[in-house]
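# Structural characterization, general
Here is how the chains run, residue by residue.
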2 protein chains.
Amino acid sequence: MAPTIDDIRDAADRLRDVAVRTPLLESSLVNERVGGRLLLKAEPLQRTGSFKFRGAYNRISRLSPEQRRRGVVAYSSGNHAQGVAYAAKLLGAPAVIVMPADAPEIKIANTRAYGAEVVTYDRNGEDREAIGRRIRDERGSTLVPPYDDPHIIAGQGTVGLELAEQLDAAKAKADVVLCCCGGGGLIAGVSTALRATLPGLEIFSVEPEGFDDTARSLAAGERLANDPEARSFCDALLAPKPGELTFSINRETLAGGFAVTEAEVADAMRVAFRDYKLVAEPGGAVALAAALAGKVDLAGRTVAAVVSGGNVDPALMAKVLAGD
Amino acid sequence: MAPTIDDIRDAADRLRDVAVRTPLLESSLVNERVGGRLLLKAEPLQRTGSFKFRGAYNRISRLSPEQRRRGVVAYSSGNHAQGVAYAAKLLGAPAVIVMPADAPEIKIANTRAYGAEVVTYDRNGEDREAIGRRIRDERGSTLVPPYDDPHIIAGQGTVGLELAEQLDAAKAKADVVLCCCGGGGLIAGVSTALRATLPGLEIFSVEPEGFDDTARSLAAGERLANDPEARSFCDALLAPKPGELTFSINRETLAGGFAVTEAEVADAMRVAFRDYKLVAEPGGAVALAAALAGKVDLAGRTVAAVVSGGNVDPALMAKVLAGD
């Protein structure tokens, strides 16, 4: 079930001229401050503002004409929603998105703007998976899962494929790659791509404090859940526990996992803004936060961090910037 | 004296692997709202956060070893300062930068961080050109002018060269290009490059209200100055009147010029943030502001806007975002 490097290369072929080949950003000022070389894979510049478009497009592109006609359904805290909505639109499939009622306003508005129908639910009371399944059964549509699916993982893996090529073009031999982790789809794909193309580098997951289920699961050797009472402003990374398929990959490919505080994430958002001119949402900034907070040694080394998305409400960003 | 397309191609050769080939950004949501295709050339992602690095590097790279040893001096409201400071550092030349005391704090701090010596002056009382000349005479250093120099203009012109190639790669046949204008160096280089590579498209300058000297000069057929009492938060675009060399080029290459209000600029900064995930400073956002404010017809057409820089203080950006 786990995608191979060939599956990721096939996804890259499908995404060519459809997805953005996002740039690898570097700041000489930050490099000087940290005493090493820090490179950012800038997925906020991806279509729909996050990497999620890649997996969604790869998945939906494999549906038959009849399946596309019946449409797709997805449940998401926001970025997967926008990715599915826009990919479905490009591929001619109607989309229904099940979203938490307290998701950032910009994510709900954009999902509608991409042409999807939005159904909201209470994040702390209702079961989004059950709602998604009910809509699927009623309409005969196809569920596009957020991470536990080989085509989704292969699509996200194209981030890693590009990263390997861009590191080479930048004459950068990376020692470490840091990548955010919610359900684990992005890092499963990225680490699969990097193990095949750049063997020898260490890959770490980064999660928000209170949602470090993957870090703890890696240490324990089995899937552990987060405390259901935990809260975080990293709304893109609130999956309750590692995915089954994603964890079966990540336990083989990752060197370990880190957790970062909200203060560290806010600082990373300010650095992305000031030194890279890039808008990063909280969940998108955790890997950069881990690098800046010294979770790995940067001195004399080369570290790449995936910045996964930039869909942050202007009001929240204004607060973060004012807190500088 | 005016640079040719060959001079711009030569600058591009020197800048290869040194400057960033900045991406051309597009948003399907914005395209849908405006009913056309709007593409942004994202120079905030350039080294030092603006296009200014290109011209500075091209200029300083032509100094002899003895000239480099004696160093360079420049006067600048901020972005040229950072561009010169970093280019000089890469090329082994000490740099002195004459900056207005009220320039954004981030620009002064970064200029120092790039290794330059900063001398401040009062923007409304002292003559920065005289200060720059005095330092040059005292130290035997070379003055790097902000715009009225063929090597500076040729370096900035590489933005236009890349834009032409990227429009072609995006299968976009542009009808109009909008570009900000302070002293006119960027648009002189860009328009020279575009006239040689994409003849037929219309190129317009965009300036802040109160500083539309180029628009008025184009209409009058002679160089006119701005009211010395005028003020604007577009700190990168406050040149008193068009440059002599730049205007001699721009009067041949431009179809006309527009002025935008501060409210239109603030709106463009929010759109850059929300829809393109790009940090744009006020002066960097004027071309996007002109497009969004309907200065040119977008319906069914393709318009490219140069976003020239992203060096905005976080506190100012917080205010702009909160004003949404």
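None of the values given here were measured: they were computed from a predicted structure. (Residues numbered from 1 in each chain as written. Chains lettered and ligands numbered in written order. Predicted model: local features only at pLDDT ≥ 70, side-chain atom pairs only at ≥ 80, totals over all residues. Heavy atoms only, no water.)

## Comments concerning the pattern of salt bridges
With the rule as written, the count across this model stands at 42 salt bridges over all chains. A salt bridge links B:Arg16 to B:Asp13; the nearest nitrogen and oxygen atoms lie 2.9 Å apart. Assessed through its relative accessible area of 51%, B:Arg16 is described here as exposed. Several salt bridges converge on common partners, so that one network encompasses A:Lys41, A:Glu43, A:Arg54 and A:Glu162. (Salt bridge = Lys/Arg side-chain N within 4 Å of Asp/Glu carboxyl O. Buried < 20%, exposed > 50% of the residue type's maximum accessible area, 1.4 Å probe, protein only.)

## Description of the confidence of the model for chain A
With 100% of its residues at a pLDDT of 70 or more, chain A shows a mean pLDDT of 96. Scored by ipTM, the complex comes to 0.96, with pTM at 0.96. (pLDDT = per-residue confidence, 0-100.)

## Regarding the nonpolar core
Side chains of nonpolar character tend, in soluble globular proteins, to be buried together. Membership of the largest hydrophobic core comes to 130 residues, with the highest contact counts inside it found for A:Leu38, A:Leu178, A:Val265, B:Leu38, B:Leu178 and B:Val265. Apart from the residues lying within four places of it in its own chain, the contact partners of B:Leu178 are B:Phe204, B:Val206, B:Phe258, B:Ala287, B:Ala290, B:Ala291, B:Val296, B:Val303, B:Ala304, B:Ala305 and B:Val306. (Core = buried A, V, L, I, M, F, W, Y, C linked by side-chain atoms within 4.5 Å. Contact = heavy atoms within 4.5 Å.)

## Observations regarding the packing of helix H14 (residues 314-322) of chain A against helix H14 (residues 314-322) of chain B
The N-to-C vectors of H14(A) and H14(B) enclose an angle of 155°; their axes lie 8 Å apart at closest approach. As the angle between them shows, H14(A) and H14(B) are arranged roughly antiparallel. Considering the relative orientation of H14(A) and H14(B), their crossing is left-handed. Along its contact with H14(A), which presents A:Pro314, A:Met317, A:Ala318, A:Leu321 and A:Ala322, the element H14(B) presents B:Pro314, B:Met317, B:Ala318, B:Leu321 and B:Ala322. By residue class, the composition of the contact of H14(A) with H14(B) is ten nonpolar, no polar and no charged. (Axes fitted to C-alpha atoms, helices over the stretch in contact; angles between N-to-C directions. Helix = DSSP H or I, 4+ residues; strand = E, 2+ residues; numbered from the N terminus. Parallel < 35°, antiparallel > 145°, perpendicular 65-115°, else oblique. Left-handed = near helix turned anticlockwise from the far one by under 90°. Nonpolar A, V, L, I, M, F, W, Y, C, P; charged D, E, K, R; others polar.)

## Some remarks on the environment of B:Ala268
All names here are of chain B. By the element assignment, alanine 268 lies in helix H12 (residues 262-276). Distance from alanine 268 to valine 286, taken between C-alpha atoms, is 7.4 Å for residues 18 residues apart in sequence. With residues near it in sequence (within four places) discarded, alanine 268 still touches Ala285, Leu288, Ala289 and Leu292.

## Focus on the domain arrangement of chain A
All names here are of chain A. Under the domain assignment, chain A is made up of domain 1 (5-50 + 150-322) and domain 2 (53-143). With centres defined by C-alpha atoms, the gap from domain 1 to domain 2 works out at 23 Å. In this assembly, 30 residues from domain 1 lie in contact with 23 residues from domain 2. For the pairing of domain 1 and domain 2, the buried interface totals around 2,300 Å² over both sides, and the portion due to carbon and sulfur atoms is 52%. When the buried surface of domain 1 facing domain 2 is broken down by residue, Arg14, Thr48 and His151 rank first, second and third, together holding 28% of it. Seen at the junction of domain 1 and domain 2, the total is five salt bridges. Taking the shortest distance from any N to any O, the salt bridge between glutamate 281 and lysine 107 comes out at 2.8 Å. In this assembly, domain 1 and domain 2 are joined by 15 residue pairs in polar contact (both at pLDDT 80 or more). Counting residues per element, the ones that place at least two in the side of domain 1 that touches domain 2 are helix H1 (5-15) and helix H8 (150-169). No other element matches the eight residues that H8 contributes to the side of domain 1 that touches domain 2. (Domains from an automatic or database assignment. Buried area = accessible area lost by both parts, 1.4 Å probe. Polar contact = N/O pair within 3.5 Å; in protein donor to acceptor, adjacent residues only side chain to side chain.)

## Notes on the relation of the copies chain B and chain A
Mapping chain B onto chain A calls for a rotation angle of 180° and an axial translation of 0.0 Å; the resulting RMSD is 0.0 Å. Accordingly, the operation relating the two chain copies is best matched by a two-fold axis. Considering only C-alpha atoms, the residue of chain B closest to the rotation axis is B:Ala318, which sits at 2.0 Å. In this assembly the copies share their binding face: 100% of the residues contributing to the interface of chain B also contribute to that of chain A. (Least-squares fit on C-alpha atoms with pLDDT ≥ 70 in both.)

## Regarding the sheet that holds strand S1 (residues 24-26) of chain B
All names here are of chain B. Taken in spatial order, the six strands of this open sheet run S1-S2-S10-S7-S8-S9, and their pairing is mixed. Each end of this open sheet is capped by a strand with a single partner; those strands are S1 and strand S9 (256-260). Averaged over all neighbouring strand pairs, the angle between strand axes comes to 30°, with direction disregarded. (Pairing = 2+ DSSP bridges.)

## Topic: the sheet that holds strand S5 (residues 117-121) of chain A
Residues and elements named next belong to chain A. Read across the open sheet, the four strands follow the order S5-S4-S3-S6; overall the sheet is parallel. Across the chains shown, the open sheet's two edge strands, defined by having one partner strand only, are S5 and strand S6 (142-143). Of the pairings in the sheet, the one linking strand S4 (residues 95-100) to S5 comprises five bridges and is parallel in character. Counted as the bridge partner of proline 100 is tyrosine 121 from S5. Its contacts with the sheet place helix H5 (residues 79-90) against strand S3 (72-75) and S4, and it is angled at close to 170° to S4.

## Some remarks on the interface of chain B and chain A
Listed per partner, the contact involves 31 residues of chain B and 31 residues of chain A. Taking both sides of the interface into account, the surface hidden between chain B and chain A amounts to around 2,500 Å²; carbon and sulfur atoms contribute 66%. Where chain B meets chain A, there are two salt bridges. Notably, a salt bridge pairs B:Lys89 with A:Glu32, separated by 2.7 Å at the nearest N-O pair. Seen at the junction of chain B and chain A, the total is eight residue pairs in polar contact (both at pLDDT 80 or more).

## Here's the deal with the packing of helix H1 (residues 5-15) of chain B against helix H9 (residues 185-197) of chain B
Residue and element names in this part refer to chain B. Running from N to C, H1 and H9 point in directions that differ by 110°, and their axes come no closer than 9 Å. One way to sum up the angle between H1 and H9 is to call them roughly perpendicular. Only Gly189, Thr192, Ala193, Ala196 and Thr197 of H9 make contact with H1, whose side of the interface consists of Ile5, Ile8 and Arg9. Within the contact of H1 with H9, the residues separate by chemical class into four nonpolar, three polar and one charged.

## Some remarks on unusual backbone geometry
Despite not being glycine, A:Lys171 shows a phi value in the positive range, around 50°. With respect to the element layout, A:Lys171 can be found in the loop between H8 and strand S7 (176-180). Overall, A:Lys171 belongs to the exposed group, its relative accessible area being 69%. A positive phi angle is found at B:Asp17, which is not glycine, with a value near 70°. Assignment of secondary structure puts B:Asp17 in the loop between H1 and S1. Judged by its relative accessible area of 69%, B:Asp17 is exposed.

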